[in-house]
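Coordinate inspection notes
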Amino acid sequence: MSDRREFRDLAEPAEAHEAIASLDLAPEPETVPLREARGRVLAERIDAELDVPGFDRASMDGYAVRARDTFGADEVDPATLELVGAVHAGAEPDVTVEPGTCAEISTGAVMPDGADAVVMVERTSEVVDEDGDVDAVEIRTSVAPGDHVMFAGADIAAGGRALGPGTEITPREIGLLSALGVDEVPVRGTPTVGIVSTGDELVRPGGDLHSERGQIYDVNSYTIAAGVEEAGGEAVLYPHAGDDYDEMERLLVEASEECDLVLSSGSTSASAVDVIYRVIEERGDLLLHGVSVKPGKPMLVGRLTDSAYVGLPGYPVSALTIFRTFVAPAVREAAGKPEPRTATVTGRMAVEERYSEGRMRLMPAGLVESGPTGPAGAGGTGGPGDAETLVYPVDKGSGATTSLVEADGVVVVDPDTEYLAAGESVEVQLFSPDVRAPTLFAVGEDDPALSRLLDRVDRPRHLALGSREGLRRLRDGVPDAAVVAGEPGREPVAAPDPTADDEPVPAEMIGEWTREWGLIVPAGNPDDVTGLADLVDRDLRFVNRDSNAGLRTTLANALAELADERGTTRREVTEAIEGFDRAVRSHESPARRVLAGDADAGLGLRATAERLETGFVQLGTEPVRVHANPARVDKPGVARLREAIADGDDVFDALAGYER
């Protein structure tokens, strides 16, 4: 009786992919020191535990001033301010800027008390007294509050979503994690892949080759090992196995007990001497034998004791082809690695970008895919389902670490280029060949529930710039979605194609929920704050959100109602609140100012109060809505976010004050 096994019904390629996908190759997550994290993939979301920077700082050399002291100043009629001292980077200020005074300040230095803006040194002149000492400074320009100041949390604010699960850690992410003080990183485990080459004719490179005996060098072991490492796995080479059943069984079982996946090459065909499939049948579970593909028909998929198993053909070209087509994607998936791509991409500018400084510019740029879009002309390039790469500038200033994380590469702008037109073709030099455009690009309100929902979307990007900025960018047609808190006052719209003259059309709401908002106060509410009237009538220090935040608009509307009840104006009410214009970026930042004793009350959410164990005075609820660009509602990332919101009861139930 023959031992020959015939190939019968060959599996289709899709079945082979499904069979390999059914195998569990992913090891358990682990924690590694930050210095060893490069190239690894985050296993869970990392939120900022502090503001970066942690203080208001000057963004250029000059003089720290009270902006109102410069109003009306120009070259003809400068404002003269008394110089009261200097503040240098790395030193705590020991001066206070009173009305009519200023302080010299260095780039990166802490803003002194009383100052709210910086005048660049080029727009000033020193005033020297009779002894040759500088005692005053002429200011030859007007500045507004906040000019040339990087506020605490402007880079990333405490409580903000720094990096999400699935993020590959490159030097730019390590820079951000360093800025956050993170020294240990939760990462996905690296799948270990045992490699066993079989066949009596094989000799490892470096060994003695006897061609007269029909021997050949073992090409597959090192070739496949390199492919495993490239895909994000760790290759483990085992001794060469001949065609002896017992030795083959011993090596395969040893590898299966030590690795997440075992790869063999050779001995997978249906000939009498190719017996490896019998080892798998007797010691494990053979799921598939033979695939309808050329080259590479003799392929095995199964389970062997404690690990997954794939048998590759013996011919090197066939082995590498099968590995790259079927196995490498599974290894990348287990390691959390993205599909590889080229180091440069060409796209169209999503918006016009002007530049006239006469120097070569390395413009940080983000990528967003425009489709699927439906009919041609609605963001596509030619027909239904077409998608193209749109490029948008990302620039939060040279001191902002997150500019790197939010950007995918740089566009080199020639010194003679004054502007890049919307729709102009540009080449983006990617930070890494592995960089890919996010599957979902959203802009808008920062929200704890949204942060958790985004964990369920593959490679999302959300710029927490506030509801107002989200709506503005949605009208420009650049993002896939805008996240809006409160009542925007106008219908959200989006330009179907940001590089054309299409009229904006109504955006499609793909999800909504509500959240409780109010005043964050110290635990136990020692000042017995009961509502907004206390902020107006009592001497309480308050911390607000920035003007782009939907939560601030909700507060402003509530104060308008209070003003109506009192027969006064909203302006008079807000001017009576100490610190109403003291604005911070993140939903957690006001609470952290209260915890630090820098404020008596801050604008915030019940969920934040419970997380940080502060007191909370509930003032109402506000809606949070996610509006999709109408041209991209069928884009996979948008569809996945819609599903995540619809299935997100566990997220909303886990957050105090949230309902859907």
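Residues numbered from 1 in each chain as written. Predicted model: local features only at pLDDT ≥ 70, side-chain atom pairs only at ≥ 80, totals over all residues. Heavy atoms only, no water.

**What to know about the overall build of the chain**
Within the chain, the secondary structure is distributed over 16 helices and 38 strands. Taken over 660 residues, the chain has a buried fraction of 51%. Counting only contacts in the chain whose residues sit at least 6 apart along the sequence, the fraction spanning at least 24 positions is 71%. Of the roughly 29,400 Å² of accessible surface on the chain, 45% is carried by carbon and sulfur atoms. (Helix = DSSP H or I, 4+ residues; strand = E, 2+ residues; numbered from the N terminus. Buried < 20%, exposed > 50% of the residue type's maximum accessible area, 1.4 Å probe, protein only. Contact = heavy atoms within 4.5 Å. Areas by Shrake-Rupley, 256 points an atom, 1.4 Å probe, with all protein chains shown as cover.)

**Topic: the confidence of the model for the chain**
Chain-level statistics for the chain give a pLDDT mean of 87 and a share of 90% at 70 or above. A low-confidence stretch, residues 1–5 (pLDDT under 50), is modelled with 11 contacts involving residues beyond four sequence positions or located in other chains. With pLDDT under 50 throughout, residues 373–385 is counted as low confidence; its partners more than four residues away or in other chains account for 25 contacts. (pLDDT = per-residue confidence, 0-100.)

**Topic: the packing of aromatic side chains**
Throughout the structure, instances matching the rule amount to 2 aromatic pairs. Both rings, one in Tyr 392 and one in Phe 441, keep their centres 4.5 Å apart while their planes meet at 10 degrees; by these two values the pair is stacked. Taken together, the residues Tyr 392 in strand 24 (residues 389–393) and Phe 441 in strand 28 (residues 440–444) connect sequence positions 49 residues apart. This pair shows no difference in class: Tyr 392 is buried, exactly as Phe 441 is. Ring geometry for Trp 513 and Phe 652: centres 5.3 Å apart, planes at 40 degrees, overall tilted. (Phe/Tyr/Trp six-rings, centres within 6.5 Å; stacked < 30°, edge-to-face > 60°.)

**Remarks on the sheet that holds strand 23 (residues 361–369)**
Read around the closed barrel, 5 strands run 21-24-23-25-27, paired in mixed fashion. With strand direction ignored, the average angle separating the axes of adjacent strands in the sheet is 50 degrees. Bridge count between strand 21 (residues 344–349) and strand 27 (residues 425–430): 5 bridges; the pairing is antiparallel. Paired with Thr 344 across the bridge in strand 27 is Gln 429. (Pairing = 2+ DSSP bridges. Axes fitted to C-alpha atoms, helices over the stretch in contact; angles between N-to-C directions.)

**A short note on helix 5 (residues 276–283)**
Inspection of helix 5 places Ile 276, Tyr 277, Val 279 and Ile 280 among the buried residues, and these make up the whole buried set. What you see down the axis of helix 5 is that its buried residues fit within an arc of 155 degrees, all on one side. Buried residues along helix 5 sit in contact with helix 4 (245–258), strand 17 (261–265), strand 18 (284–289), strand 19 (300–304) and strand 20 (307–312). (Arc of directions from axis to C-beta.)

**Quick notes on the sheet that holds strand 17**
Within the open sheet, the 6 strands sit side by side as 16-13-17-20-19-18. Their pairing is mixed. For this open sheet the edge positions go to strand 16 (234–237) and strand 18, each flanked by a neighbour on one side alone. Direction aside, neighbouring strands of the sheet carry axes that sit 20 degrees apart on average. Across 5 bridges, strand 19 lies against strand 20 in antiparallel orientation. Bridging across to strand 20, Gly 302 finds its partner in Tyr 309.

**Let's talk about a negative patch on the surface**
On the surface, Glu 82, Glu 130, Asp 131, Asp 133 and Asp 135 cluster together to form a negatively charged patch. With respect to the secondary-structure elements, Asp 131 resides in the loop between strand 8 (124–128) and strand 9 (134–139). (Patch = residues over 30% accessible without salt bridge, like charges linked within 9 Å, V, L, I, M, F, W, Y side chains within 5 Å. Salt bridge = Lys/Arg side-chain N within 4 Å of Asp/Glu carboxyl O. Lys, Arg positive; Asp, Glu negative; His and termini not counted. Charge placed at Lys NZ, Arg CZ, Asp CG, Glu CD.)

**Section: the packing of helix 3 (residues 220–231) against helix 6 (residues 316–335)**
Where helix 3 meets helix 6, the closest approach of the two axes is 9 Å, and the angle between their N-to-C directions is 25 degrees. By the angle class used here, helix 3 and helix 6 are roughly parallel. Like other packed secondary-structure pairs, helix 3 and helix 6 cross with a definite hand, here right-handed. Taking contact as the criterion, the partners of Asn 220, Thr 223, Ile 224, Gly 227, Val 228, Glu 230 and Ala 231 in helix 3 are, on helix 6, Pro 316, Ala 319, Leu 320, Phe 323, Arg 324, Ala 328, Val 331, Arg 332 and Ala 335. Grouping the amino acids of the contact of helix 3 with helix 6 by side-chain chemistry returns 10 nonpolar, 3 polar and 3 charged. (Parallel < 35°, antiparallel > 145°, perpendicular 65-115°, else oblique. Left-handed = near helix turned anticlockwise from the far one by under 90°. Nonpolar A, V, L, I, M, F, W, Y, C, P; charged D, E, K, R; others polar.)

**Here's the deal with unusual backbone geometry**
For the bond running from Val 52 to Pro 53, omega is -5 degrees, close enough to zero to count as cis. For Pro 53, the position within the fold is in the loop between strand 2 (46–47) and strand 3 (57–58). With a phi angle near 55 degrees, Asp 528 is a residue other than glycine that sits in the positive phi range. Note that Asp 528 resides in the loop between strand 33 (508–521) and helix 10 (532–537). On the accessibility criterion, Asp 528 (53% relative accessible area) is exposed. Positive phi, normally seen in glycine, also occurs at Glu 613, with a value near 60 degrees. As for its placement among the helices and strands, Glu 613 is situated in the loop between helix 14 (606–612) and strand 37 (615–628).

**Re the pairing of strand 29 (residues 460–463)**
Where burial is concerned, the two faces of strand 29 agree: the one with Pro 460 and His 462 and the one with Arg 461 and Leu 463 are both buried. Inspection of the sheet shows strand 28 paired to strand 29 by 4 bridges, in the parallel sense. Within the sheet, the bridge partner assigned to Val 443 lies in strand 29 and is Leu 463. Note on the crossover from strand 28 through helix 8 (residues 448–454) to strand 29: the handedness is right-handed. (Right-handed = clockwise from strand over helix to strand, strands pointing away.)

**A short note on the packing of helix 4 against helix 5**
Look at helix 4 against helix 5: their axes get within 10 Å of each other, and the N-to-C directions meet at 55 degrees. One finds that helix 4 runs oblique with respect to helix 5. For the pair helix 4 and helix 5, the sense of crossing is right-handed. Every residue of helix 5 that contacts helix 4 at Tyr 245, Met 248, Glu 249, Leu 252 and Val 253 is listed here: Ile 276, Arg 278, Val 279, Glu 282 and Arg 283. Its residues assigned to classes, the contact of helix 4 with helix 5 shows 6 nonpolar, no polar and 4 charged.

**Points about the side chain of Thr 614**
Inspection of the secondary structure assignment puts Thr 614 in the loop between helix 14 and strand 37. In this structure Thr 614 touches Ile 520, Val 521, Ala 523, Leu 595 and Ala 609, once residues within four positions along its chain are discounted.

**Concerning the pattern of salt bridges**
Tallying each qualifying case throughout the model produces 43 salt bridges. Here Glu 469 and Arg 473 are joined by a salt bridge, their closest N and O atoms 3.0 Å apart. Within this pair, Glu 469 and its partner Arg 473 are both found in helix 9 (residues 467–476), separated by 4 residues, close to a single helical turn. Among the ionic pairs, Asp 480 bridges to Lys 635, the shortest N-O distance being 3.0 Å. Residue Asp 480 is found in the loop between helix 9 and strand 30 (481–485), and its partner Lys 635 is found in the loop between strand 37 and helix 15 (636–646); the two are separated by 155 residues along the sequence. Across the pair, Lys 635 and Asp 480 agree in class, each one buried. Each of Arg 45, Asp 47, Arg 161 and Asp 455 takes part in salt bridges that share partners, so that together they form one network.

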